[in-house]
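Okay, here's what each chain looks like letter by letter:
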Amino acid sequence: LKHWYFAFLFLGAFIVIQLGLMNLILSAVVDEANKAHENDVHERLKDIANAQREQMEQLRPIFHDMDADKSGSITADEILKAYDNDERLQGSLTLLNVDRDALIHMFALMDKDGDGQIDYNEFMNTMQESQAQDLRMQM
């Protein structure tokens, strides 16, 4: 063993090559994980948008059921009667911690133009705004 010091040089080169390969493999794994995360976020946003669209479609018949005189808008009396008689509406509002008294205040907030009636657009806009705010709170 005339040139034993070459063993240290070879060992050092071997370690550097191994670390480089491991770094390359690790960067590929991290890159794939990052792509999967981006796809997951994109899919979650699509799922949320679909759920919101479905929920808005479910609100249409509830609004029309509340509109007792079929005028295309609901009054405070109509919404309170619907709350008292419609278990579906009462259950939905209970899940949101909205009781009968809070419903009166909600009606005043929904009635943006102050005419004492909520038309379909005011109702849907308020529901969409509340969903968007709820989504921001969740994030």
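Our subject is the structure listed above.
These figures come from a predicted structure and were not determined experimentally.

**Student:** Mind showing me how you'd approach the nonpolar core here?
**Tutor:** Note that soluble globular proteins tend to have their nonpolar side chains buried in a common cluster. Within the largest apolar cluster, 20 residues are counted, with the highest numbers of intra-cluster contacts made by Met66, Ile79, Leu89, Leu103 and Phe123. Elements supplying a minimum of two residues to this core: helix 1 (5-66), helix 2 (76-85), helix 3 (87-95), helix 4 (100-110) and helix 5 (120-138). When sequence neighbours within four positions are dropped, the list of residues in contact with Leu89 reads Ile62, Met66, Ile79, Ala82 and Tyr83.

**Student:** Sorry if this is basic, but what is going on with the side chain of Glu78 here?
**Tutor:** Tracing the chain through its elements places Glu78 in helix 2. No salt bridge is formed by the buried Glu78; the nearest opposite charge belongs to Lys81, separated by 7.7 Å. Residues contacting Glu78, with those up to four places away along its chain left out, are Met66, Asp67, Ala68, Asp69 and Ser73.

**Student:** Which parts of the structure should I look at to understand the pattern of salt bridges?
**Tutor:** Taken as a whole and assessed by the stated rule, the structure comprises 4 salt bridges. The residue Asp84 makes a salt bridge to Arg100 at a minimum N-O spacing of 2.9 Å. Here Arg100 lies in helix 4 and Asp84 lies in helix 2, a separation of 16 residues in the sequence. The class for Asp84 is partly exposed, based on a relative accessible area of 41%. It is possible to trace a salt-bridge network through shared partners that takes in Asp31, Glu32 and Lys35.

**Student:** Help me understand helix 4, please; the structure alone is not making it clear to me.
**Tutor:** Three- or four-residue spacings in an α-helix give side chains the same orientation, since the helix completes a turn every 3.6 residues. Considered for burial, the residues of helix 4 that qualify are Leu103, Phe107 and Met110. Buried residues along helix 4 cover an arc of 65 degrees about the axis, so they all sit on one side. Exposed residues on helix 4 whose side chains face more than 90 degrees from its buried face are Asp101, His105, Ala108 and Leu109.

Calculation criteria
Residues numbered from 1 in each chain as written. Predicted model: local features only at pLDDT ≥ 70, side-chain atom pairs only at ≥ 80, totals over all residues. Heavy atoms only, no water. Core = buried A, V, L, I, M, F, W, Y, C linked by side-chain atoms within 4.5 Å. Buried < 20%, exposed > 50% of the residue type's maximum accessible area, 1.4 Å probe, protein only. Helix = DSSP H or I, 4+ residues; strand = E, 2+ residues; numbered from the N terminus. Contact = heavy atoms within 4.5 Å. Lys, Arg positive; Asp, Glu negative; His and termini not counted. Salt bridge = Lys/Arg side-chain N within 4 Å of Asp/Glu carboxyl O. Arc of directions from axis to C-beta.

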